[in-house]
Amino acid sequence: MGRIFFTGLLTVLPVVATVYFLVWLIGIAERVFGRPLQWLIPEAYHTGMGIVIALAIVFGVGVLMREYFFHRMFRSAERVLLGVPLVRSIYGALRDLLGLFASHKEPSLEVVALTLPGTPFRLLGFVTRQDFADLPQGIAAAGEVAVYLPMSYQLGGYTVFVPRELLQPVAMSREDAMKFVLTGGLKSV
């Protein structure tokens, strides 16, 4: 009886959490963008217009970021944000985490298995950097790459610098690899 309940719980909980998160996100978009619309056009406002405005703004920002001037302006504003200590920690971590899933133009962020020297153990990770020329001397030695090793069930991990020979490419998308690692291997790909 307990096993059946647990199976049901494991089936229902992710669905409920996902629906709750989406409803919460939509509610925030509606409150942030809908309230000004209610104030500006009270007789023409309909529920859901805030969400449409939020989607239009996100799309518009995406279009503007393709233009050199706006991209450069955003980078300047981002440098200011990254100059504030607490904001730098939160914004930088979120930006980098979301960047793992974004399309990347570099051949980096490949999924690899890192074999720990002297052991049969392997860890799943992502090559995040291969060129260290723009960083201070001593961060990585010649022939080394940076590999991010995420931890299961947490938003955390380690960045290690290892020789390329210790890595074996894994034919798996970044998204599937991250799901696999974050669920401790329970998520099948």
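Note that the coordinates shown come from a computational prediction; the quantities given were computed from them, not determined experimentally. Sequence positions are assigned chain by chain, starting from 1 and proceeding in written order. Reporting in this predicted model follows two pLDDT cut-offs: at least 70 for local features of residues, and 80 or more for side-chain atom pairs to be given and counted; totals over whole chains, interfaces and linings ignore these cut-offs and use all residues. Calculated side-chain values reflect all of the structure's heavy atoms, with hydrogen atoms and water omitted.

### So, a nonpolar patch on the surface
Keep this limit in mind: Note that patches include only residues with greater than 30% relative accessible area and no salt bridge, and the join distances are 9 Å for like charges and 5 Å for nonpolar side chains (Val, Leu, Ile, Met, Phe, Trp, Tyr). Throughout, the Shrake-Rupley method with a 1.4 Å probe supplies accessible areas, and for residues the shown protein chains are the sole cover considered. Each salt bridge in this description consists of a side-chain nitrogen of Lys or Arg and a carboxyl oxygen of Asp or Glu lying within 4 Å of one another. Starting at the N terminus, helices and strands are each numbered in turn, a helix being any DSSP run of H or I of at least four residues and a strand any DSSP run of E of at least two. A 1.4 Å probe rolled over the protein chains alone gives each residue an accessible area, and that area as a share of the maximum for its type sets the label: buried under 20%, exposed over 50%, partly exposed in between.
A surface patch of nonpolar side chains, about 640 Å² in accessible area, is lined by Y20, F21, L22, W24, L25 and I26. Position of F21 relative to the elements: it lies in helix α1 (residues 2-40). F21 sits in the partly exposed class, given a relative accessible area of 45%.

### Here we look at the sheet that holds strand β3 (residues 144-150)
Stated precisely, the cut-off is as follows: By the convention used here, strands pair only if DSSP detects at least 2 bridges between them. Only the stretch in contact is used when a helix axis is fitted, and all axes are lines through C-alpha atoms; the angle between N-to-C directions ranges over 0 to 180 degrees. Note on contacts: a residue pair is in contact if any heavy atoms of the two residues lie within 4.5 Å.
As summarised here, the arrangement of the five strands in space is β4-β3-β2-β1-β5, forming an open sheet in which the pairing is antiparallel. Here the strands that pair on one side only, and so sit at the sheet edges, are β4 (157-163) and β5 (167-169). Across the sheet, the axes of successive neighbouring strands diverge by a mean angle of 45 degrees, strand direction being ignored. Inspection of the sheet shows strand β1 (residues 111-115) paired to strand β2 (residues 122-129) by five bridges, in the antiparallel sense. The partner of V112 across the bridge, within β2, is G125. Against the sheet, helix α5 (residues 174-182) makes contact with β1, β2 and β3, and its axis sits at roughly 135 degrees relative to β2, the strand it touches most.

### Quick look at the confidence of the model for the protein
Under the convention used in this document: Every residue carries a pLDDT, the predictor's confidence in it, which falls somewhere between 0 and 100.
Looking at the protein as a whole, the pLDDT averages 84, with 91% of positions reaching at least 70. By mean pLDDT, helix α4 (residues 85-101) is the weakest element of the protein at 75, and β1 is the strongest at 93.

### Describing the pattern of salt bridges
Any two side chains of opposite charge can pair, on the condition that their charged atoms come close. Using the criterion set out here, one finds three salt bridges in the structure. Residue E110 is joined to R164 by a salt bridge in which the shortest nitrogen-to-oxygen separation is 2.8 Å. Taken together, the residues span a long stretch of sequence, with E110 in the loop between α4 and β1 and R164 in the loop between β4 and β5 at a distance of 54 residues. By relative accessible area, which is 23% here, E110 ends up partly exposed. For R129, the salt bridge identified is with D134, shortest N-O distance 2.8 Å.

### Digging into the packing of aromatic side chains
This is how it is decided: Classification of ring pairs uses Phe, Tyr and Trp, with its six-membered ring standing for Trp, and accepts pairs whose centres are within 6.5 Å; under 30 degrees between planes counts as stacked, over 60 as edge-to-face, and the remaining range as tilted.
For the coordinates displayed, the defined rule picks out three aromatic pairs. Seen in terms of ring centroids, F21 and W24 are 5.8 Å apart; in terms of plane orientation they differ by 35 degrees. Their pairing is tilted. You can see F21 and its partner W24 sitting in helix α1, three residues apart, about one turn around the helix. When the ring of F69 is compared with that of F70, the centres are 5.4 Å apart and the planes differ by 75 degrees; the resulting orientation is edge-to-face. Overall, the relative accessible area of 56% leaves F69 in the exposed class.

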